[in-house]
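The lines below spell out each chain.
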Amino acid sequence: MGRIRIHESRAASGQLNRDFFDVLFALAPDRFALGDTSDVLIVEFTQLQQKIDGHHPPGFNRGVFWLLLDQVVQFFPIKADDAWTFEGDADKARVAISAAVFEPQWEEWSRNQMVNQACMNGLALCRSFGLGNGTSIDENELSHWRGLALRSSYPSATGLVFEDIQGLLLKSTEGLFDLVREDSVKGSIFVSGPIEWINLRSNTNILQQDHDFAEQAHGLHEKYWSVEFDPLLAGSEDISMFTTELEAKFPDMFPRPWSPALIALHVRYSHLIKYGSVNPDEIIAAVNAINSSDDQSSAQLLAFLFGVSLGANKVHDLDRLLHPQRYQVSRPNADTAQGSDPISTVN
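Calculation notes
Residues numbered from 1 in each chain as written. Predicted model: local features only at pLDDT ≥ 70, side-chain atom pairs only at ≥ 80, totals over all residues. Heavy atoms only, no water. Phe/Tyr/Trp six-rings, centres within 6.5 Å; stacked < 30°, edge-to-face > 60°. Helix = DSSP H or I, 4+ residues; strand = E, 2+ residues; numbered from the N terminus. Buried < 20%, exposed > 50% of the residue type's maximum accessible area, 1.4 Å probe, protein only. Lys NZ or Arg CZ within 6 Å of the ring centre and 35° of its normal. pLDDT = per-residue confidence, 0-100. Contact = heavy atoms within 4.5 Å.

Novice: Tell me about the packing of aromatic side chains, and please be specific about residues and values.
Specialist: Counted under the stated rule, the structure contains 13 aromatic pairs. Note on Phe25 and Trp106: the rings are 5.2 Å apart at their centroids and 90 degrees apart in plane angle, and the pair reads as edge-to-face. With Phe25 in helix H1 (residues 18-25) and Trp106 in helix H3 (residues 103-128), this pair connects stretches of sequence that are 81 residues apart. You'll find Phe25 and Trp106 in the same group, each marked buried. Ring geometry for Phe213 versus Phe250: centroids 6.1 Å apart, planes at 70 degrees, classification edge-to-face. Here Phe213, found in helix H8 (residues 211-225), pairs with Phe250, found in the loop between helix H9 (237-249) and helix H10 (260-275); they are 37 residues apart in sequence, far enough to count as distant. Here Phe213 matches Phe250 in class, with each residue buried. One Lys or Arg, Arg268, reaches over the ring of Tyr269 and ends 5.0 Å from the middle of that ring.

Structure follows, in structure tokens:
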């Protein structure tokens with residue numbers, strides 16, 4: 001038609017710097033996947049019109065204007081791969097689609113938004129479990145959580161400065177899972193998981209260096225090799241004594257709140273969340289298994305990491321399961337109420 005209606009708030013003007021791109025990209029609609037831009041165009045134009053031949057656009061009193069095709073300078077896809085999406089319509093309208101000159105800036109902006117969303121998801125799950133300070137978070141604490149979300153979401157990112165333990169652990173999670181894959185369905189993961197983490201971080205084999213400790217670890221591993229995995233095993237007396245000894249013997253490997261049990265649970269569930277399915281009850285049981293009235297920091301950290309991995313939809317489902325009374329508009333679901341709907345990876 002040569003014209004469309006557009007709200008004035010959808011337009012931005014300014015110098016092409018980082019602040020401008022932050023403002024411009026913030027106008028993009030929410031997506032099912034934040035990086036999806038296959039039907040989003042950036043339009044450079046000269047002006048908007050309040051009326052055409054005396055006709056205001058519907059909604060003009062609420063800030064809606066006309067945008068005429070002859071006042072458009074260029075159409076830009078955000079990503080180069082999106083250009084083909086618009087080729088058919090562009091041919092029909094007899095207009096040209098320019099190069100995706102803003103793609104690098106979009107990649108940086110969208111990554112920042114994804115990290116922010118991941119951090120919000122992690123903190124939301126902590127709040128669902130009643131862990132932490134709720135919405136009262138100062139800038140330093142927020143920076144800490146956002147750093148964890150960044151490293152968890154982009155474990156191979158370079159040029160980022162973090163504490164050695166969280167950077168190496170989050171980067172090595174899949175490698176650690178490969179080392180304890182057979183233990184992942186057994187209680188023995190609470191023995192093998194922390195030991196493999198120590199070996200990885202120290203670049204040694206601690207069982208070859210301490211015969212007495214190796215004998216104790218082998219005995220405990222053998223016992224729990226025959227026991228089906230259960231998060232509550234983290235609190236069993238002999239595993240608790242073993243992990244306490246690990247923390248005393250290798251304090252640099254397990255600075256609070258990175259406890260041996262937390263590491264075992266994180267390694268196991270991060271893989272299942274990414275590649276398989278997890279029952280909501282398992283997530284709840286895993287967090288509660290390491291939650292102590294004396295120190296909730298490990299449980300809070302695990303809940304945060306779970307929230308980052310699960311994503312907003314599944315975190316929301318868990319919150320509805322934990323606090324159904326908050327959602328008066330919701331209808332009860334028999335499966336969800338029983339905690340039997342699996343949390344699985346959806347691409």
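Novice: Which residues make up the confidence of the model for the protein, and what are the values?
Specialist: In this model, the protein carries a mean pLDDT of 88, and residues with pLDDT of at least 70 account for 90%. A low-confidence stretch, residues 336-340 stays under pLDDT 50, and its non-local contacts, those more than four residues away or across chains, total 10 contacts.

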